[in-house]
Amino acid sequence: MKKECTTKYFGTYSYEQQNIILFENGLFGFEQEKEFVLIQLDPNNENVLCLQSLKDTNLAFFVVNPFAFLEEYNPQPSKKELQLIGAKDMVLFYVICSMTDDIYTSTANLRCPIIINPQNNKALQIILDNPEYQFRHSFTALVPEEEEKC
């Protein structure tokens, strides 16, 4: 059965109950927010999405699949973190972005990715213990050099 929510960027959005992403611990800074939906911005691109709160219309984050931009990204969730979302192996990774009008001043939080178990849609935001991954990783570092010249 379809449900509807009002979104920050897209007006009314229809979704199925099984598409709800459940963060039992919320997101960092938004611990009270537990239920979200992922909204695809472009039907031909599954790498850039909007993570919309179902409780707070004004709470939405742009998220990206980090591997689409940074092949060498290698987050390592702990066994405990995987257990919290009931995952044994395969999880989806997304990173929250701070978007501006200029892509080159936009950033991605590579230090605190979101992991989602696609089997049950349970999710968790984790903190990686790797100084290589920054809280505000510049998009300029994610764009291949040949694309920068365009």
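None of the values given here were measured: they were computed from a predicted structure. Residues take numbers from 1 onward in each chain, read along the sequence in its written order. Selection of residues for local features in this predicted model requires a pLDDT of at least 70, selection of side-chain atom pairs for listing and counting requires 80 or more, and totals for whole chains, interfaces and linings are taken over all residues. No hydrogens and no water enter the side-chain calculation; it runs on all heavy atoms of the structure.

1. Focus on the packing of aromatic side chains
The criterion for an aromatic pair is that two Phe, Tyr or Trp rings (for Trp, the six-membered ring) have centres within 6.5 Å, with stacked assigned to planes under 30 degrees apart, edge-to-face to planes over 60 apart and tilted to the rest. Applying the stated rule across the entire model yields 6 aromatic pairs. Three or more aromatic residues joined by ring pairs form one cluster here, namely Tyr 9, Phe 10 and Phe 62.

2. Thoughts on the layout of surface pockets
Empty space among the atoms becomes visible once a probe the size of a water molecule is rolled across them. Roughly 270 Å³ of volume is contained in the largest pocket. In the cavity and pocket records, a cavity denotes points on a 1 Å grid over the protein atoms alone where a 1.4 Å probe fits but cannot get out, a pocket denotes an open set with protein on both sides within 12 Å along at least 5 of 7 lines, and lining residues are residues with an atom within 4 Å of a point. Lining the largest pocket are 14 residues; nearest its centre among them are Ile 21, Leu 38, Gln 40, Leu 49 and Tyr 94. The numbering of helices and of strands both runs from the N terminus, where a helix is a DSSP run of H or I of at least 4 residues and a strand a run of E of at least 2. Elements supplying a minimum of two residues to the lining of the largest pocket: strand E2 (12-16), strand E4 (35-42), strand E5 (45-53) and strand E7 (92-98). Among the elements that take part in the lining of the largest pocket, E4 stands out by supplying 4 residues, more than any other. Under the convention adopted here, Pro, Cys and the residues Ala, Val, Leu, Ile, Met, Phe, Trp and Tyr are nonpolar, Asp, Glu, Lys and Arg are charged, and Gly plus all remaining residues are polar. Grouping the constituent residues of the lining of the largest pocket by class yields 10 nonpolar, 3 polar and 1 charged. Grid points are joined across faces, edges and corners, and a volume is the space filled by probe spheres set on the points.

3. Looking at unusual backbone geometry
With the exception of glycine, most residues fall at negative phi, and the peptide bonds are largely trans. With a phi close to 65 degrees, Asn 121 is a non-glycine residue in the positive phi region. With respect to the helices and strands, Asn 121 occurs in the loop between strand E9 (114-116) and strand E10 (122-125).

4. A word on the pattern of salt bridges
Here, a salt bridge means any Lys or Arg side-chain nitrogen found within 4 Å of an Asp or Glu carboxyl oxygen. Under the counting rule described, the total for this entry stands at 2 salt bridges. Between Glu 16 and Lys 2 there is a salt bridge; the shortest N-O distance is 4.0 Å. Of the two residues, Glu 16 is situated in strand E2 and Lys 2 in strand E1 (residues 2-6); the sequence distance between them amounts to 14 residues. The exposure class of Lys 2 is exposed, given its relative accessible area of 54%. Type-normalised accessible area, obtained with a 1.4 Å probe on protein chains alone, sets the label of each residue: buried when under 20%, exposed when over 50%, and partly exposed for intermediate values.

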